Each structure stands twice: as structure tokens, then as C-alpha cells.
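# Structural features, examined
So the chains spell out like this:
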Amino acid sequence: MLSRKRSSKSNTPFVPPFAQPPTTKLLKPTTAARNEPTTSSASPEPKSTPLLQSQSPIDKMVSLLADAGCTLINPAGPPCLPSDLYKFRQRLDGIFSRDSSLRSQFLKGFSDYISSTFNLRRVLLPCHQDGFGSIRRDSFVRLLLLVRSIQQDLLDMLLEKLPEYFDVDPGVSSCGFSSSSRVDEDVARLILNQLRWLDFLVNSEAFVEKLLQVLTICPHHLKKEIIGSLPEIIGDQNNTSVVNSLQQMLQEDSSIVVPVLDSFSNLNLDDLLQDQILCLEILKELKSLDEAHKHKVIDIWLLILIFMNCETLQKSVEKLFKKKILDGCFQEHMFEQCIHGIKDLPKDFLTTFVSLAAYMLACKEQRVQEFGVHIYICLFEELCDAYSRQEVLGALLTHVGSGIHFEVSAALDAMVKLASKKSQELISLSSHINGILDYLEGFSVENLHKVYEVFIRLAVSDHSSSQPYGCSIANELLMILRKQINNSDLMYKKMGLIGTLKIVSYIADTNNSSLPPLSQRSNYEEAVELLKLSLDSCKQMSLPLILFYEELVLTLQSKTLHPVVMEWIGKQVVEFESVYLCDLDSGNLIDQDSSQGLEGELWMNLDGDISPICLNILPLVFSSIRLTSTLQVLPTKFILLSLVERSANQGSLGGIDALLGCPFHLPSSKLFSELSWQSLTVKQKQIAILSLYYASNWMRELLNVFSTQVVKECDIISQATKEEMIPKLLKRLRNLVFIECLLDNCLKQHPVLLPELCPHWELSPVIEFDHAGDLEKMNQLHKGSEGISQNKKRNRAKSSSPLANSNIEEKLRQPTIVDTWKKAGAIPSQETPKDDVLVTSSKNKQSESDENQADNSNVPLNIEISAPVKYLEAQRYKFRPLSFDCLTILTSVENNEGSCCADPSAELPLHLYLLRDLHKKLDQLSPTRKQTLARCSNAAAGFTGIKSNDFLGKLRPWFPYLRKNFDRAIHILREDTETCQEHWIAESSLAANPEITNTSILASPTQTSITVYKETLLCIGKMLNLTDVLKEKEILSDILQAFQPMEISGCFFQGMQLIPSPGNMDYLYSGAYIFLVTVFDEAMNFSFTLASEVLLTLELLVTSIHMFLDVSLCENGKDACPEFSKEIVPFLCNKLGSYAQKLLTQKCDRDDVDRSLKTKGEMVQKILRIYLTNCQSTSDSLNELACSVLPQVSSSGTSVDDDNPTFPTLCPATMTVWYRVMHEENISTLNKLVKEIAVLEKPRGGAEVESLKSLLNKMLQSVNVFVSLISVCRNNDKVSVHAMAVKYGGKFIDSFLKVFDFLQAQFEMHKDLILNLIKELQKATRTIQTLCSEAKGSKQTAITCKIPATKRSMERFLFHVKGLLYATPSGCSFWMGNLKHKDLTGQIVSSQAYLDTQNDDINNDDAADPIVEDQTAE
């Protein structure tokens, strides 16, 4: 079979049939021709004459050809060629080589000559040759292409002419190629024929580059023909660049696969390129397999081979591998089968496996990381030679040193698994593993645990082995830990404590009694010595001591330690009573001595006169100012005490249950009244605040410890004991709510940096309060900040330039810690306090005189419990976290007989407190939440030692209770009752909360219900979108089942073909949706804010359905929930859009819940986005809003008085919100159209004329929306609106430019529609230009910073339109000129900085409707 490819020549370069002139760079033509002597074999060169110089370029070209023996102008037909073509080419080449000016003149004349289509066809058609009659030979152009000196210029000229004939496609056959009967009329194909089978190419690289550039813009039929002809055009040169370009085209357009493969088969490709092509086809085939059962082990091997042999495809292989893992197509057992039993794996394969595993560990997806860890472990287990194992270990150590948290964590997981499975094999490689110790400083606490577990497993592994490495590892590990725990640097001490306790947990575990001793002492004795050493190193510092006890608690919770070790631990908690407790006499203090002049009293005594002890907080706070704070260690030491008590009493806490009801020795409650508080010194205020702080955390740990005794799973204590303990837990919860509200009020009046009781080593530097100077420094800093504030006020009154003086003072003043906290928002500014705590008072605005300030101290202060404790929340991360068992306390007391009334709504404030804590925990679990390094973002959520699945399992009994309290909150809001206010007061009195003069801490039923309402909806939305919840269908169904309506009416599903069946997940989702819709309709009657919250929850519910379906499809590549009706998703989305529209038509100014204009603006933005995203036609809705509704809004005013009759939520105050959302949604709609067009442009897309016209009409609608939005700026003078017009204007044009190729292809069929598109868009670009000019003149930086990018976009648009009209027969003229500088009202303004009287008579008549003009006004 004959091949179409050009025959392969020898390896030597081609030798032309005449002598080659020296290779020199061609010079530009000079003004005069040069006279040079000719050789004997060439005819004398005609000299330049004045007559020749006066001729046109075409005449000069014809004269040169005539002198060479060719008649170009032949009335009888094509040009006549001389009989000796070789001599003809030789003569022309000699002339052009010696005189560059003649060469340039010839090329200029030939270019002018072929500008006519008729002339171009003449020179492309075969010619007659003298002496041969009517024999047809090669074309004239073909002959000229064999003239070496002008070949490249002619090739460039022909390729540049090719796009002018793209639209000519005569007689297209069924195969897509032009029919041969009309080939003489197809100029594009005639040009292509000239390029085939050329004897030589002067500059093949430049020619191929130019050809490939033209190929990318060719129409489909011509592109396929050129690709198929590439072997005949380029020969054996530049195959690499051709293959790369064709591969790129193949990825963009799969319809050209046949001509591409045909071209590849006829190119003389080397082995590398052939392999690359084969690999591409394999990848395409593997991508098409989307079901797990279709994949075999051989697929993994194929990807490995491609990764090895095609460097350019390695990224594609990695991405495909990742996708197959996430889709469940590749499982761990498949990889095990790949390498199982292969003892002598070639090194190349090992490198490839390691590279792929390294990529997987660097991915953020946990599933991919787990697969990468499995690869590393399998390689280490299967490959027994030292080299392979060193390579695997070295790769893991590289990940460990990467500094990326998730990558380091995954690599250490692999190391832990290897140490547990192959500890003996790792011992011989311990010199490599020791490198991990160099990275300890950058590890988190979690990763430090993993590091020490690796080394401990290696140290205690088989000491009886003949290899001496184990002893050396143990000795080195113990030596390092001793150095670390004795280091004064807290970072190294932290490392030493974690490592030491990790060793203790391993060697003192009763399950590891057979372990050989690490030293000459037994392992139990060694553990006790390590504990003593650690404790002695921490006694002088509170935070390391807290960490020591925390690690010891985690050990006791997960391990059963040897009795010798437990005995030592028990001795450490014996001193608890003597340090923290004091005896009472008939429930009263024995010693009434005051601390720092502060009178003390007993607070919150639940046991009354029979209480024998109290927690001695106030004296300990005073002593902690001078000594190490024992109160900082109190919570963790109490947990340790409870664990020792459980260990000794089979899980019961009966020996320490007196601590639950005993009172606290705190400052007298009289000191917290407004009048008394003002009389306290700074130090006394700090002592009072710290006392409340320690009391709050003590109660948190009481709840954590004793709540474990009343949960359903606990059967250690009797039911009678549980019933006795539950009321005390409820009272302690009321005490906690009371104290934290009081503490927040104190922090508002006197900011204090609280000591950390739950240290976060990774997030913050350590703040110690162990010395007396610390509180004094805080006092000075606080005074300094207040003094500076007073100085500023005086300076404002005296200075004529207050802003300048203030700025100078700010620059010169050294910032304090308080200033830093104020800037971060943790401590509010003293200058402009905001009343975030709801304070109700009957007084009107009064002057700030001293007399009135004195009077204000007697005004009663009511603190609302439901209000957020902002000042306390700023330091919440320092508090002890509540455990998960605390969330279930209230579920056990639904029918609590100890309550003052049968109405359980009195417990709503307690439920709200726990609900907010649940919200924080869900934030930590939410995969979509953006985690920051802000301290408050990691507020002690209590996730230590518990997995997310366990957390979700503990929540299951809480879901029905969540629904009951939500219904109670709705009932209170509906009935508007205040009866529960007295219930809270009575319950608070029973809980022994103290009474404070002129200060009441109350729970308004309405405010509490509103907050419960909001928090419940937020928690529902977060739980439904947790990935772990969506995977656990039982938990998901429990959540949905808890929020089902009383009945589901069939009319809700009207319009659906397949109605969900009861019991299915789609039915449960629909039921929850109906329940929320009922709540939404009810909220619409009294609160815009609450209705908005319900709408956002409805959106999260629909999002949860999308995520659930995605998760279901990812399980083993099959639909794990086939009974789920896919019709439910668009059905619920349409209803969601209608509810959003209904809410937008309501007034948002009359709202009893939230009167914050900023909050309502943010809510309106979300609602509008929901409406536009889920309505039946986003384009139609945008068109209506932009063209009819938005122009009615006036730019003046910021209130909501002038409501829009159709959409009352659209007013001057919310104008910018609507404007931004409409721009963003319009651009999003255009981008969707761009994607649709990209699909239809493919030949297999099957685009019909009507569908194409529909797309163009949608584009026109989007352009009309854009023009209307930009036109709003003419009647709106807000800078923010103008800035958004400029910003989004550039983005819209960028998106519009992506469809210009499509517009060019459809121009002939839809010319009027496309021209209308461009004309309409030009209206907006002119307005944007005016906005830019005015912003520059008025120096509006909010706008000018966005001008450069938008200007570039408009310039690109201009030249794209020029190219479109030039390349297509439009019948329209195009020109560029300078716009007249007009303002937004259309008035002409001066564009110059000076007056020019000569320009007064400029003709102001506009040109006749140009298509596009250069929109610059400089």
C-alpha cells in the first residue's frame, strides 16, 4: 500500500539544483538599485532606469518576469511559462539574491496583483508551457515557490490570504469536503494545493508555525482537509510541534479525531511521538469509563506506563487518577493486586509509583490522601530490598518536611501505620527516620502525637533482636525528651510533655505488659519517673501544667494504666481539697476576711445549710496575682480527679458529688451594681472579673463531668440518683448563663485580658498571668489608652486641624496590647461604645455632664440573656469547652416536676445557650467554612479526642428535642406572651442566683424565642450540608424526620410526574421543605428578618439535595439511591424562586425583630440572588428588573420611605445591593450561554438554525440588560454605583468576547441580529468611557482603580469587531475616530486642561451611525 507521506530523504540537508548563496539576513529595500557584476552563466541584470522607477509595483513585477521569459499578462488564459523552467527559476533567484530592492519590488507588485480574486485564481491554476502546446503544467505560484530567495515570503503571503476565503465552501459533499467538480472555484483549496509536495522548504520551522496558526481559525471542513494533508505539506520536519498542536486541537474538538489519526499514521514520527499518541487514546478511553465495575487492574498499570513514558501527559494522568479515586472507581485492593508478589520491581516503576503517591498526599481531599498512604505502605511491604524501602521512606520524610499541615498529617499517618506493622524493618532505617526530629518546631499538637508514637513503637520493638538499634533509639528518645521538658522555652517544653506522656501511655498500658523494659528499671517505674520529671518541670508555669494534666487525662480516657502508675496519679489529686476547698459552718463562711478590700460572700449554694464545703475562688484569685495561678489549673485538675474517682468506684462519681452543689466564694454581689462598681479600683475590678471567669469555667467542667452520669447510656448509678442529679445540673446551667452575662457586662465596662484555661498552642503566643506585674501592666495599658482618648478629645476641642493632629498623634504613639485587641474587634473602643447588650431605660437623651452621669448610676440596668455576649465571645477561645453530653441534659427533663410551672418554654434560655454552643461545634465540622487563624474562630469547640461520626451519633437523640423547642419559640412569637418572664425569675431564684442592686439579668420570651428561631434554622442548614451526615443516611433521615409537618398534602406535588413515595429520602426532603414553607408563610406576617432566615434555610435544604445526589453517585460509581426522584430538584428550585419573589415584594422597614439597615441590606442581597437563580427564566427576570423596575429608583436618600410599588425592598438604601447582584447574575447568565455555544459549535452538537437563533436572542437580551444597568448611572450619582458599572462593564465585555468566533461563523445567516448586538453594546461602552473620564477628572479613586482593566477589555472588543466586519461581508462601513468628550447628560465638555479658542468652530455634527468608534477622549 502506497503511503501519502513524502519519501524520507537522506540525513544530509537538501541540495538545491543550483549553487546556494551564502545565508545572510535579507535587508530592507534601498532607494536605489545596486549594480553588481554578473557571472558568465547568467544574463546581464537590467539596470534601474527612471522609467522603471516611475512604474507601478505591478508593472515592475511584470517587467522582471518578462525579462526572465515569463508572460504574466496573457489575455488568452493563464500565464505562459518559458520552456526551461530550471533556467527561469535560476535567473529569478540570482536577480533577487543580488539586489534586495528588486526582490522587495517584486513581492510588493505580486501582493498587489493577487489582491484581486480573479488574478489570484489565474496564478493558482495550472499554466501553459511554451513548446508543449496545450499541455497543462504546474501553476505560476507553484513555480515561484521553488525560487529559494522568495519562497518564505510567498508562503506567508498565501497563508495570510487564506482566511479571506474561509466563507467560500462551494459544493460541500456529505463528507464535509468540497466537491472536486468545483475545485477550480475554491481559492482556499487552490492555495492548499500549492503547498503540497514542495521540493524543499527554506525555513520549515517558520512555515509550520504560520500554518498551525492559520489552522486554529480555519472552518471545520477546511481544517479537516489541512490536517489530512499535513504529511504532504511539511514532510519529515517539525513533527514534534505538529503533534503537540494537533493534540491540543483534539482535546478541544473531538470531531477531528479521524483526520488527526490519519495524519499521525502518515507522518514519519519517532518512537516517542508514537507512544505519546497512543497514550492519548488510552487516556480518552479511560476517561469515558464512568462505572467502577468496568475498571480492571490493568487500567492502573496503563496509567502507570503512560506516566512513565510521556512526561507531557503526567499532569493528565495525575488528574485522572485523582478523579477515579474520588468517583470510587479505583479501590485499594486493586492497587494491592497490581504489585502483589512482584519481588523485583524495576526501579523506573518504583519511581513512578512514588511520584503518584506523592501527588496524592499533596491533595486536600482526604479520600485521595488515604489512597496515597495505602500506596506507600504497600510498596514498603511488598518491596523487601533496602534501596526500595529507603526510597519510599525518603519520599514520606519529604512530605513530613513540606510544612503543609494536611500533607504532613497524611505522611505521619503512613509512618504510624508502618511503625505498627513493620517496626523491625524500620529499625534498620532509623538513621533516616531521625530526620523527622528536625521538623518538630513546626508540628501541630496532633502531629506531635504521631511523631512520638512512631519513635516509641520503634524504641519498644523487639529488644531481643540481634540488631542493636532498638536500645539506641530508646536512649536517644529519652534523652531528647528530658532536654525538651527542662527547656525554659514553652514551645520545646510542650514537645517534651507530649512525648513523655505518649511514652507513659504506651509502656504503662496494662495491655502492653509483655513489652521489654526501656531502661534498667521496669516500664512502670520508668513511667512514674517520667511523670515526676514532667510534673516538676511544670510546677512554676500554669500553661505547661495545664497541658501536662490535659495529656494525662487523654491517656486515662483511652488507656488502662498499671496500678503503680494510677497510685501515683491518685496522690496528685489528694491535695485538691486542701488547695481549692474550704470548710463551712452551717452553710456559712468561717473566715470573713476580705481580699484587697473586697467583701466576699457565698454564691449559688444548691445544698443550702447542709453544704460542708465551698470552692475558695476569691482568696485564690488574690494570691494568684503574686504567685503561680492555681486556679488556671483547677478545671483540668478537677477532670483528673473525676477520672481517678471513676477508676476507683467502677465509674461512679458518688465520692465527689458534693462538689456539684457546693457554693463558690466570690466577691459580694453588691459590688457588681453600677454605683458600687464605679467606686472600685482597677485592681479590684480585675480581681472581681477574674473571679467570675474562674467560676464560669468551674461550672462548665462540673456540667461536663456530671452530665456523663445522667445520659441514657450510663447504667452505673441508680435512677433515683439520676433524678436527684438532673435538677442540680439544670440549676448549674442557669448559674452559668447568669455569670457569663454578668461577666460580659463587666468586660464591657472594664476590658481585661483573661488567662487561657484551654491553651491553643498553634494559634497564639502564650499569655501568662503568673506574676503580679502582669495585672499592673494591664492596668497601665488600660489607663494609657483612656488617657490618650481623653487627650484626643481635648485636642479636638482646641485644634483647628483635628484630623491632622490626630493622625500625627496616632503615628507617634506606640500601640498597646489593648489597642491591638480593639483593632481586631475583641475589645470595643472606649471612645464609641455600642450598646450590644440590650439595655432598657426610660431616660431620654441628656447632656454628658458630671451630674447626669451620677444620676445614670441609679438607673436600673436590665441585661437580656438572649443578646450575644460580644465582649466575652472575643475571648471565648480561652474558656473550657462544653462536652457533647451537656447538649443532652435538657432532653432528660422534658417533664421535670421540679419546675415552677408546667410550661417547658421557661427552659428556652437554657436551650438557647446550648444551641449556640452546638452552632460553634458545627462550624468546626462544616467543610465549606473558611477557617482562619483568628483566635475566636477556634473557640474551644470540644472536639479533642472525638471523631465527627461519633459527634453526629451523639446528636441523634437531640433532633426531636430541637424541633420541640423550635415549635415553642414559634408559639411564643405567635401568641406574643410575656408569662414566662416570671417563670425564669422564679427558676433563677431557685438556682440561688444572687440579686444585684439596680441590675436584673432577665430572659425576654420574645427576644429569646427570636434567637432560638434563628439559631435553630442555622443549625439545621449546617447539619444538612455536612458531608458526613450525607454519607450516614440514618442520621440524615433522623434530621429530616424530626422536621416533618403534621401531614403532607398531595397538592404540593401538583405538576410533578413522579411523586415521591413515603419512606424514601426524597419524600423526607419534601416533608422538611413543606414544614419550612409553613414556617415561612407564618413568619411573613410579622417579621421580614425571620422570613428571610427561613428562606435561606430552604436554599440550604435544596443544596443538601444536590450534595446528597452527588455523594450517592460517587459510591462505587453507581447510584446508591435509585428510588430518589430527580424531578424533585427543579421542582423545589422553582418553588424556592417564587418564595424569594414573594419576600422581595414585602416591605422590610416594618420589622419588630431587627431594625438594622445594614443587616436588611445583606439579607436583601441574598434573597435577590436566590430569586434570580431559581426563577423560571433568569434572563426574563433580569430584563424586567433592569429595564422596567430599577430605573424607577431615585438616587437621593438612604431611607426606605419611597418604596417601589412592585418590589418594596428596592429603595435608595438598597439600590447598590440590587445593582451589584443584577450585574453578577447577568454576567453569570452570559457565561452559561458561552458554555452552551461551545457545545453547539462542536459538529456532534447537532445545532439547528432555530436553536442558534434562540441563543443569539438570549445574548441580545443579556446585552439589553447590561445596557440598561449601565444607563442607570446617568440618573444616579452614587460613586459606588459608578464604580460597579466600570468594574462589571469590563467583566461583561470579557465574557462577550468569548463568543466572537461563534458570531463570525453565524454572521452570514444572522447578520442583522449580530449587528444589533454590537450596536446595542456600543451604547454601554460609550457610557462607561464617560464614567472613566469623569472619574479621572474628579480623582475618584474608587473608580479609577478599576479603569485600566476595563479599558483593555473595551479595546479588545473594538478590534474584535473590526476583525469581524473585515472578515465577513456585512455591507457596513467601519472606522475608528475620537469620541467627543461628553458628560453623562450628553453635554459636550472640554477634554483639555487649557482653553483653545481655535477649536470653538469645531463641527459638532455626528457621523452617520458608525458601528464602532474608538472610545477614547484624551
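Quick notes on the rules
- Residues numbered from 1 in each chain as written.
- Predicted model: local features only at pLDDT ≥ 70, side-chain atom pairs only at ≥ 80, totals over all residues.
- Heavy atoms only, no water.
- Helix = DSSP H or I, 4+ residues; strand = E, 2+ residues; numbered from the N terminus.
- Buried < 20%, exposed > 50% of the residue type's maximum accessible area, 1.4 Å probe, protein only.
- Contact = heavy atoms within 4.5 Å.
- Areas by Shrake-Rupley, 256 points an atom, 1.4 Å probe, with all protein chains shown as cover.
- Core = buried A, V, L, I, M, F, W, Y, C linked by side-chain atoms within 4.5 Å.
- Phe/Tyr/Trp six-rings, centres within 6.5 Å; stacked < 30°, edge-to-face > 60°.
- Lys NZ or Arg CZ within 6 Å of the ring centre and 35° of its normal.
- Salt bridge = Lys/Arg side-chain N within 4 Å of Asp/Glu carboxyl O.
- Expected span 1.5 Å × (residues − 1).
- Arc of directions from axis to C-beta.

### Notes on the overall build of the chain
- Looking only at helices and strands, the chain has 59 helices and 10 strands in total.
- Looking at the 1418 residues of the chain, the share that counts as buried comes to 52%.
- Long-range contacts, defined here as pairs at least 24 residues apart, represent 77% of the contacts in the chain between residues at least 6 apart.
- A total accessible area of about 64,700 Å² is found for the chain, and carbon and sulfur atoms account for 51% of it.

### Considerations on the nonpolar core
- Core analysis: the biggest nonpolar cluster contains 349 residues, and Leu-659 and Tyr-1219 have the highest contact counts within it.
- The residues contacting Tyr-1219, other than those within four sequence positions of it, are Leu-1190, Leu-1269, Ile-1270, Val-1272, Cys-1273, Val-1281, Met-1284 and Ala-1285.
- Core analysis: the second largest hydrophobic core is formed by 67 residues, Leu-143, Val-208, Leu-230 and Phe-264 among them.

### Brief notes about the packing of aromatic side chains
- Applying the stated criterion to the full structure yields 34 aromatic pairs.
- Aromatic pair Phe-576 and Phe-638: ring centres 6.3 Å apart, planes at 35 degrees, arrangement tilted. In this pair, Phe-576 is assigned in helix α29 (residues 576–580) and Phe-638 in helix α31 (residues 634–648), connecting sequence segments 62 residues apart.
- Aromatic pair Phe-672 and Trp-677: ring centres 6.0 Å apart, planes at 20 degrees, arrangement stacked.
- For Phe-672, a relative accessible area of 3% gives the class buried.
- Under the relative-accessibility criterion, Trp-677 is labelled buried at 2%.
- Pairwise contacts between aromatic rings join Phe-1052, Phe-1053, Tyr-1073, Phe-1080, Phe-1131 and Tyr-1139 into one cluster.
- We note Arg-389 situated over the ring of Phe-380; from NZ or CZ to the ring centre the distance is 4.7 Å.

### A word on the pattern of salt bridges
- Counted by the stated rule, this structure contains 41 salt bridges.
- For Glu-160, the salt bridge is made with Lys-210, and the minimal N-O distance between the two is 3.3 Å. Here the residue Glu-160 occupies a position in helix α7 (residues 151–161), and Lys-210 occupies one in helix α9 (residues 204–216), the gap between them amounting to 50 residues.
- Linking Glu-332 and Arg-367 is a salt bridge whose minimum nitrogen-to-oxygen distance equals 2.9 Å. Highlighted residues: Glu-332 in helix α16 (residues 332–339) and Arg-367 in helix α18 (residues 366–382), separated in sequence by 35 residues.
- Each member of the salt-bridge network shares a partner with another, and the members are Arg-700, Glu-740, Glu-873, Arg-876 and Lys-920.

### Here's the deal with helix α15 (residues 314–326)
- Spanning 13 residues, α15 covers 18 Å between terminal C-alpha atoms, matching the ideal 18 Å at 1.5 Å per step.
- Those residues of α15 that sit buried are Val-317, Glu-318, Leu-320, Phe-321, Lys-324 and Ile-325. Angularly, the buried residues of α15 cover 165 degrees about the axis, an arc narrow enough to put them on a single face. Within α15, the exposed residues directed more than 90 degrees away from the buried face are Lys-315 and Lys-319.

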